[in-house]
Every structure is written in C-alpha cells, then in structure tokens.
Amino acid sequence: MAWMTYISNWFEQDDWYEGLQRANMSRVRQVGLLAAGCQPWNKDVCAASGDRFAYCATLAIYIYQCTKIKISINFFEYVKHTIASVVFEPNLGIPASLSWCWNAGDAVAFVSHRGPLFIWTISGPDSGVTVHKEAQSFLSDVCIFRWHTQKKGKVVFGHIDGSLSIFQPGNKNQKHVLRPESLEGTDEEDPVTALEWDPLSTDYLLVANLHYGIRLVDSESLYCITTFNLPSAAASVQCLAWVPSAPGMFITGDSQVGVLRIWNVSKTTPIDNLKLKKTGFHCLHVLNSPPKKKCDLNCIAGATSRNGAFIWDIQKGKMVQRFNELLSIVIFNSIIRTIDGKVLHKYKHPAAVFGCDWSQNNKDMIATGCEDKNVRVYYVATSSDQPLKAFSGHTAKVFHVKWSPLREGILCSGSDDGSVRIWDYTQDACINVLSGHTAPVRGLMWNTEIPYLLLSGSWDYTIKVWDTREGTCLDTVYDHGADVYGLTCHPSRPFTMASCSRDSTVRLWSLTPLIAPLQINILADRSWEEIIGNTDYAIEQGTPPLLCGKVSRDIRQEIEKLSDNPRAKKLRWFSECLSPPGGSDNLWNLVAVIKGQDDSLLPQNYHKGIMHLKHLIKFRTSEAQELTTVKMSKFGGGIGVPTKEERLKEAAEIHLRLGQIQRYCELMVELGEWDKALSVAPGVSVKYWKKLMQRYIAACEGNMQTIHVSTPKGASYSGDIYKEDFNELLHKVSKELAEWYFQDGRAVLAACCHLAVDNIELAMAYLIRGNELELAVCVGTVLGESAAPATHYALELLARKCMMIPIWNDLHEKCKLPTVEECMKLAETACADGNIFETVKYYLLSQEPEKALPVGIDFVKEYISNSNWTLDTVYPILDLLSYIRTEKLVLHTCTAARNELLILCGYIGALLAIRKQYQSIVPALYEYTSQLLKRREVSVPLKIEQLSGELDAWRACTQSTYESLEDSPYTPPSDSQRMIYSTLLKRLKEESLQGIIGPDYVTGSNLPSHSDIHISCLTGLKIQGLV
C-alpha cells in the first residue's frame, strides 16, 4: 500500500510544518504538450495505419489515435540516449526501423538490428508485445523493413550486407536472399537504402542498395527481373517511390546531390533527370496534383537534407511550391539582410555569434551575444560597423539576448555561466544578476504585459520565473526531462507560454497563477488604475502586478466604447486574454447563445467547435447539403481529397444521425448500396419501403439505368426528421463526452458539452472541479441567477486559493472589515452570546487569532461526542480554523490545540472525501488520523478502533464500485459494517450542488512530467486535482 509508506514518511519528518514547506507547489501550470524533435537522418521515424500513427522523437515515443472527436496519446518514458526509432522495453534491443502492421490497426512493429521483429498490440485483450516467430536471428543488421500493403502478414527486410529476408504466412521463409550479384561470395557490405512493394503486384519489389543501384525483384521466384543503371558510379539512391496513377512508373532521389530521376520498369535507364537542389534527398512522396490546382498532372513532393521541402510539377519542369529555411547561423559575423536577400550590414565579431535580437522600441537597434562573453548593441541607421555599446560581465559565452518589449533600453542576456544579466543601455551598466540555474542558460522571454517578469530556460532542465525588480526567483518549473532551449509567448494570450526542450516536447504553460491579485481585481470590477498601469509605476518595488502591454490596452479601448453591459464583455475579453488555448472561446460563444445573442453575431468558426443544441441540426444539415452539392472537377481532388462517393457517404451518415432517414435512403440508392437503403426504409414508412423495393426490382431488371436523387417541387426533407424529442439522447451523449474531456484534463471543453444542452449547473461544476475557478466566476457572473449557487461556491474556493497570496497590509480597509481592535470586541460579544461561528471568525481577524482555537475546537469535540451529529454542522467551524496563519499555529503555546486541530481536520477530511468520492485519499486520511492519535497526547472523542471500523465498513460497502489498491476478492459486507456505513451516510448527507462529486482532473495534470512536485504526500500518486 503506497499511501501507508507515504504516511509513515510524513511522520518521520522533524515537524509537520517543515514537511509542508518542503512540499511547496509550483505555480506555473503545464496546460499542453506537443511532440517534437525527430532526427532527420533516421529513417522510418513515423508510421501510420488507419486512425493511428506512431511517432519516434529524439528522447520520447508517441502513439496517437485520431477520431472525429479526439486524439489520444500513449506516451512512453524518455530514455537516456537519443533514439532512432521506437523503444518499448530496455531489454528489447536498439530498434532500427518502425512500421504499422498492415491489416492490423492496433499493432505497430519494430525491429532491432539483428532481430527479432517485435509486434506491439496497443489495445484489446491481446495487448502487449509479441515476437515474430520466424523474423529473428538475422546474420546481418536490419536497415529497413516493409509490410506488404495488400498481402496480410507478408514482410521484407533489407540488410546491411545488401541481402533481403522475406517472410510470408503459409510459405517458406527466405533469409538473406537476392544479394547483389557483385557481392556474391564476398564479405563486402552494400546496405539496402530503400524498399517499396509494387502497388499493382503481390510479388514485385523495388530495392535500392547504396552502391549497387536499383533492382526490380520477384519475391516469389527470388529472381531479379531488371537492374536499373544509374548514370555514374558516384550516384546513389536514398529514397524511391512508386507513382500510383502511372503503372510501372517510379521516381528516385539521389542521396548526394539534388537530382530527381523518373523511371519506367520497361527501361533500364532514367526517362528524365531533374536537377532540383544542391543537396541530397531524404524522402519522397508522390501527390496526384498540387493542392487546389485544377490539373491531372503528377507532382512530386521532395525534401533535401539541408534546404527544406518543395513540390515539383513534372510537365512544367519547375517548382510550384517551395519551403525554404528562413534562418541560418553565420559564425563570427552578424549579417542583416532585406527580404530579397540584399546585405545591408555586416558586423564582425571576434568569436562565434550565438544570439541576436531587435529592439521593439527602437527599430534600428540590435543586440548580439557572442562567444567572447560580451553583449554588443549596434545601431543600423549608421554606416559604422562598430558597436554603440559593449557589455561585459559574463564569465562564459553569451548564448542569447532579449530586449524588453515594455522598458526602453533594457535587455537581458543568458550565458553558459548559468546566470542571466539585466542591462540598462541608457545607464551603460548591469542593473541585476539573476543567479539560480546550475547549467548554461538558453531560452529567454520577457512577458509582454508585466514589465518586470522574465523567464529563462536552462540545460539544468528547469524554467525559472524572475522578478527583475529585486532579482528574486518567483517559481521554478521542473517538468521538462532535458535541456530547455526556447521560450516564447502567445501573441494574443500574453500569459500562455510555450517552451521547447531536447526531451522532444513543446510544452504550453499558463502563467496566470503568478498574477492572482490582478485576476481578483478584474473579477471584483475594480477601477482601471488597479488593473492597467504605466511601466514606470509597475516596476516600482512592492507594486502589485499591473498590465502594461498592447493586448490589455486594446481591451480597455474596446470596453470604453461600449454602452451596453460593458462588465460582461470585460469579463469575457480578459478571461480569453488570461486563459490558455483549449476551449475558452468555445465556452464564451455558448454563453452568448444561452444569453440570447443573435446567431448572426457568432464567429465564422463557431460550427467547428461544440455547438449549442439548437444549432446542431441546422449546421449539420447544411454541412450534409454542401457535401451533396459540391461539384468535383473532372480531374478529381488529388491525393487525400475525398471522392464524390466519399462525400455522398459522409452526407448520408449525417442525415441518418439527424433522423432524416428518407434522405439517407436516397443517397444510398444513388451510391448503388440498395441493401443499406432497404434495411432502414421501414423507418420512414411501410409505403415508402414498398416503393423503394419496386424501384430496386426495376433497377435489377434493367428498366432503370440511372437512379437520381429527386425531390418533388415544394417538398422539404425537414419533414423527414422525426418529431420525437431527442433531448434525452443528446443530454446522454453530451454527458459522456464531457466526462471523457474532463478525465483527459480538459475541463473547459467538458463544460462546453454541458452548456450545449443548457445544463448550466453541470457546466459550472466541471469548471470548479477542474480548478478553473476564475473562469467559473466570470461565466457564472455573466449567466446570472441560473448559475448563482455554483458561482457562490466557486468564490468560496477562490477565497481559499487566494490565501496562498501574501496578505495586503490594508486588508481590513480593502475588504471593508472592522479594524483589528473592533474585531476583538466583536469576538468577545459573540462569545458571550454563544455564537460560536461569529466568535471564531472575528478572533481570526483580530490581533490574536490563536484565541479562536480553543473556542472552535471545544465546540467540535463536544458536538461529535453526540451520536446524531452531522458533517455540515462541524465543518464550517473547522473550515474557518484552517485559515489561521501558520506562524501562529506553530507557537509553543498552541501545541496541544494544534495537535487536536490536525486530528479533527484529518477525520472530517476523510468524511468529506467519502462524500465527494475522492476514493484514493480516504484510506490515507483515516491512517493519518490514526497515526496522530497514536503519537500525540490529545483529548478528542475519537478512538483508533472506531476509525478502523469506519474504514473497513466503507471499504466493504463500496468495493463493488471502488477498485481497491490491493485487488482483494469481493466479500459482502457484514450486518455491522452495513450499520456503520449507514450511520456515516446519515452524517455526511449529499452535496447541495449537482455534479460536484467525483475525482478532480485539473488541466494539465495528466500530461507527462519529470517533476515529482505534484506527488501527493498522502497517496504517493500524482495529484489530479487542485494542489
């Protein structure tokens, strides 16, 4: 039991408060992850099959599944070395190639150098890794392998010695055959560089060797049909591809120079040679036609190892699209060019130049970072090649420089000495040194709204957030698993940041927890002076965060133009500005629909998201009609573009889902799929089914040559829609989809699903459970009375969350509370009147908050001594006591009260966990309370035997729905356990708000991370909810 170990470790600490300090939580939230970073010189780093594809990154492996409603990821742990393909287990060997198994959508195959071939079934009852029985113990390393696209189970391997190995179910396996003739009888090697099965044959195979060239071989007779002659011995083929629309035609790309050759199997020499690039090809793929081009000519997509990708039109003999690299590093120089490539300035440096950055406040000023440890500033409006300023101070090379977008003349630099320095150009001085990284600094980013906020990424795997006013580190992020290289800010969401790392990921982060006081000012509708300020005032020490950038100024200008309901717009626009991408726009569109906004004001992309119930049929019907009426060009739409038949099938499926059965039947008839049309026709009427059967008989007899979809004049298919109420079904579907999104850590999209069917209460509950409290308050405020209870609850939770913020000195004044002296008098008055809640509250607000402890604790102990007490009576008092400041709680005079408070909170917390169905922490909280009872001398009406009995009763009565960590077999609860559990339920009662119970899944909590910061000290598991 993991939680038992963690509880024991918890109590082994010197003091519980020190343990809390060590468990300090990171405030910057990870909200997204993208795979990145494959090595371009490796082959087969990506393989696709059906709705899945496997992707092999530098230090990570990803399996994606794509459907119409989701993309799910299986993420494999990073390994310590760069990989070239998929690694599933350390003992499986280093993989050399990766491919999906044809005709087996759930299986991906990979092979190590000498075998065996491993087949990993991703899902289903047979999930796991199996070994191909024959494909193993090769005598030469495997370079590449290819499954046959039509013949199930047939696979060919290419080896370093130039030979092939062919395996086919039911046939004799062939190992190390068809080696080039020139190598027979020798030990020389000639690696197989490319393999492709002929798409029009089950046996023919194109093989390319590094030196020998290209062969067309018969895999059945093991005979070389044709050997193709390359123009010179220096030419070699790295990749090849068949042209599907031209039988017998294929193309090859030279591995050294950018020559593309076009071949036909009937000739041993190329039909044409096209010099496209100076560098060699890495991969090739054939397209039927360029995107959105009305032509029936073949085009070739290619990529060179140095200069990017391109599309070449064979008949025109030129590129129709080009994808060039836009930036190259020039060692020992910084070069400034115009868009057309003309050199304007060239500044020589004494060593390599690693970073440069234009000033956003002065278009002619540029800064550079050099290996000679110096930062230089140049003014390009002059002809001088000498820097205006040179800053020295770093003790190792300067890798990156960055100008502040909000403070003129301020720039920062990151160095291999592990420090970040802040320079003031106007003072010609270093004004701050930020020390804390333990390895070279690479990424730098100024926030575009908070002028003193700077972020840095380092080779020590961390991202640090700095307050440059005092040089303090506000937060450290540990989630990356390798060097952090780049940081950037979202252009319209200034508190959403992206970072890239050698761990092969691009991760998205939300910085809004760092500006919590600012969010509270927006929610409380404070004056503009408390939300938006000028840079000079914002950078003064002690000033709370103020927005100073363009995005916030634009919002203010737009709001000041409004005359109708400006607060609703203010909440929406600031919410979208502060929230990360992930559904907030969709959420606010649905809120607008519920509030009665005219459909014409909805954005154009509204139908691409989660739509409201009243728009669903309207938009889907329109989509189906569009698919039906789209006119295809006579040449088709090219590879990947749906055919007319595919469009009609998709339209038919939409009509069927909408209940438009007759329209579905007519489209199936047009497609010739009479059986499907006839099978559902009775759903329209028996009369329609009989007419359709007569048409089918006539068609079979040849009396109906062509069947067209016909609609009588004045007829409308809207009448085909059943008049039944689909609300129940749509509510069920939206609930299931919302739960899927929620468990995937996307609470905002889950809320969208509920708003789509007008379930405001559940939408608010999912935002609250997902810790989107600020967003929940904004949405609830705009929705008004229908969301009032949930909004009030969200505000309560937000108040607790804000306890993490340093308390303002003028708290009483800002919150319009009595003075501390008045609070003391009010507490004494309430105590004399017997009002325990008011007594505890005002003592906590006084100069002696510790006086609240004995009053509140004595009340709780006395109350739970009775047999008929309820959770809702004692919880508010304990909840108030939990707000007492820690420095007061750890006083020696409060030791006894502190121990009793911890025991009571642990026990009541366990009961709350049962009510909220936080199943994983219930045993841990009971054990925590029991351990405190054993180790502390206290006087509380709780016994260890009582706690043990309640825990056993809870387990016994809920094990049918709760999967025990011990996986113990099911045993029915005894009568006494049923009685104890029944008593517990009477104490607990139900939550007043719908949907607020169940495990929480905070945004980003399910994303892969190398940080153990968010591991529960109670359970040892990763925290999914609010930390």
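Conventions we followed
- The residue numbering used here restarts from 1 in each chain and proceeds along that chain's sequence as written.
- For this predicted model, a pLDDT threshold of at least 70 governs which residues receive local features, and a threshold of 80 or more governs which side-chain atom pairs are given and counted, while totals over whole chains, interfaces and linings are taken from all residues.
- Excluded from the side-chain calculation are hydrogens and water; included are all heavy atoms of the structure.
- Secondary structure elements follow DSSP: runs of H or I of four or more residues count as helices, runs of E of two or more count as strands, with numbering from the N terminus.
- Throughout this description, buried means an accessible area under 20% of the type-specific maximum (1.4 Å probe, protein chains only), exposed means over 50%, and partly exposed covers the range between.
- In these tables, accessible area is a Shrake-Rupley quantity obtained with a 1.4 Å probe, and a residue counts as shielded only by the protein chains included in the view.
- Salt bridges, as used here, are contacts in which a Lys or Arg side-chain nitrogen is within 4 Å of a carboxyl oxygen on Asp or Glu.
- The criterion for strand pairing is that DSSP finds at least two bridges linking the strands in question.
- The convention used is that axes are lines fitted to C-alpha atoms, helices contributing only their stretch in contact, and that angles between N-to-C directions extend from 0 to 180 degrees.
- Patches here: salt-bridge-free residues with over 30% relative accessible area, like charges joined within 9 Å, nonpolar side chains (Val, Leu, Ile, Met, Phe, Trp, Tyr) joined within 5 Å.
- What a helix is expected to span follows from its residue count: subtract one and scale by 1.5 Å.
- Contact definition: two residues touch when any of their heavy atoms are within 4.5 Å.
- Nonpolar cores were defined as sets of buried Ala, Val, Leu, Ile, Met, Phe, Trp, Tyr and Cys residues, with membership established by side-chain atoms within 4.5 Å.

## Focus on the overall build of the chain
- Of the regular secondary structure elements, the chain holds 27 helices and 42 strands.
- Relative to its full complement of 1027 residues, the chain shows a buried share of 49%.
- Of the roughly 50,300 Å² that the chain leaves accessible, carbon and sulfur atoms contribute 52%.

## Considerations on the pattern of salt bridges
- Going through the model one piece at a time under the given rule, you end up with 31 salt bridges.
- Its salt-bridge partner being K151, residue D203 comes within 3.9 Å of it at the nearest N-O pair. With D203 in the loop between β14 (192–197) and β15 (204–209) and K151 in the loop between β10 (142–147) and β11 (155–159), this residue pair connects regions lying 52 residues apart in the sequence.
- A salt bridge links E558 to K561, with the shortest nitrogen-to-oxygen separation between them at 3.4 Å. In this pair, E558 and K561 are both assigned in helix α5 (residues 550–561), three residues apart and thus about one turn of the helix distant.
- In this structure E558 comes out as partly exposed when scored by relative accessible area, which is 37%.
- Connected through shared salt-bridge partners, K151, K154, D203 and E220 make up one network.

## Focus on the sheet that holds strand β38 (residues 463–467)
- An order of β36-β37-β38-β39 is seen for the four strands of this open sheet, with the pairing classed as antiparallel. The sheet terminates laterally at β36 (441–446) and β39 (472–477), the two strands that pair on one side only. On average, each strand axis in the sheet is inclined to that of its neighbour by 25°, with strand direction left out of account.
- In this structure, β36 lies alongside strand β37 (residues 453–458), joined through five bridges in antiparallel fashion. Across the sheet, residue L444 finds its bridge partner in β37, namely S456.

## Thoughts on a nonpolar patch on the surface
- A cluster of nonpolar residues, Y204, Y223 and I225, forms a patch on the protein surface that exposes about 290 Å² of accessible area.
- By secondary structure assignment, the location of Y204 is in strand β15.
- On the accessibility criterion, Y204 (33% relative accessible area) is partly exposed.

## Re helix α21 (residues 852–864)
- An ideal rise of 1.5 Å per residue puts 18 Å on 13 residues; α21 measures up with 18 Å between its terminal C-alpha atoms.
- Buried positions along α21 lie against α20 (836–844), α22 (871–881), α23 (886–889) and α24 (895–916).

## Brief notes about the nonpolar core
- Counting 50 residues, the largest nonpolar core has L853, L881, I908, L911 and Y926 as its most contacted members.
- Mapped onto this core, the elements with two or more residues apiece are α19 (820–833), α20, α21, α22, α24, α25 (922–935), α26 (944–958) and α27 (975–988).
- The dominant element in this core, judged by the number of residues it contributes, is α24, at twelve residues.
- Ignoring any residue separated from it by four or fewer positions in sequence, one finds L911 in contact with W869, L871, Y926, E950, L984 and L988.
- By size, the runner-up hydrophobic cluster in this structure holds 47 residues, among which are A765, L775, V777 and Y1001.

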